[in-house]
Amino acid sequence: MSTAKKVILFSVLLFAVYSQYKAEQTVKKNRGESQRTRQGKEEVSTPQQDQFMTRALELSQVEVGEDQGPPGGSVIVKEGKIIGEGWNSDELSMDPAAHAEVQSIINACKNLDTQDLAGTDIYAAVQPCPRCLSMISIIGIEKVYYCVPRWKIKQFDNGRSPEYVVEQLAKQGKRQRVREIQLLTSDADKYVSRF
């Protein structure tokens, strides 16, 4: 993939994360309730949805142990059948992208021989992080079902928690922990025109 395509893909991912953050803030403001008060409100699920979530929770225990990172498991479902499975293996494989959701997306794409997962749903043991949620959106998955809300993960490692990442991405310019600096601005249009 060319550098220009990577830059544009990264920009789309950042925009998706920022949009999610702003939407969450708006919902909180409009409802006037904190994340902790929402934990008691749960959607009513079907037996089949419970089965898919149970499988995601089972997968979350695959590589749990000392120095193997936090638990995470997910399945992707199409027309009532599991088409992809994954679990967190980022610590063990030393691959920071090896979150359960990404692994299940890769597995589903290989199984269906496509990069378009429109018409599918994902069941994740833990509410997806911003990076995974961006991937879910780009690949066309329509619904995300989760068991553990992401704010509960914050208590284990605040510096890498999804909430912290969303907060950082929402900051502008010098206030961000990771700064974005555009270079070769005059060349940008030349590379965009190649798409």
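Residues numbered from 1 in each chain as written. Predicted model: local features only at pLDDT ≥ 70, side-chain atom pairs only at ≥ 80, totals over all residues. Heavy atoms only, no water.

## Things to note about the nonpolar core
The biggest cluster of nonpolar side chains holds 10 residues, and these are Ile76, Ile83, Ile105, Ala108, Cys109, Leu117, Ile122, Ile136, Ile139 and Ile141. Contributions of two or more residues to this core are made by α5 (100–112) and α6 (130–139). Per-element accounting of this core gives the leading share, three residues, to α5. Residue contacts for Ile136: discarding those within four places in its chain leaves Glu101, Ile105, Ile122, Pro128, Ile141 and Val144. Core analysis: the second largest hydrophobic core is formed by seven residues, Phe52, Leu59, Val75 and Val77 among them. (Core = buried A, V, L, I, M, F, W, Y, C linked by side-chain atoms within 4.5 Å. Buried < 20%, exposed > 50% of the residue type's maximum accessible area, 1.4 Å probe, protein only. Helix = DSSP H or I, 4+ residues; strand = E, 2+ residues; numbered from the N terminus. Contact = heavy atoms within 4.5 Å.)

## A word on α5
Owing to its 3.6 residues per turn, the α-helix brings residues three or four apart onto one side. For α5, with 13 residues, the first-to-last C-alpha span of 18 Å sits near the 18 Å given by 1.5 Å per residue. Here α5 has its buried residues at Ala100, Glu101, Val102, Ser104, Ile105, Ala108 and Cys109. Looking at the buried side of α5, the elements it contacts are β1 (73–78), β2 (81–87), β3 (120–126) and α6. A positive backbone phi angle near 55° is found at Asp113, which sits one or two residues after α5. (Expected span 1.5 Å × (residues − 1).)

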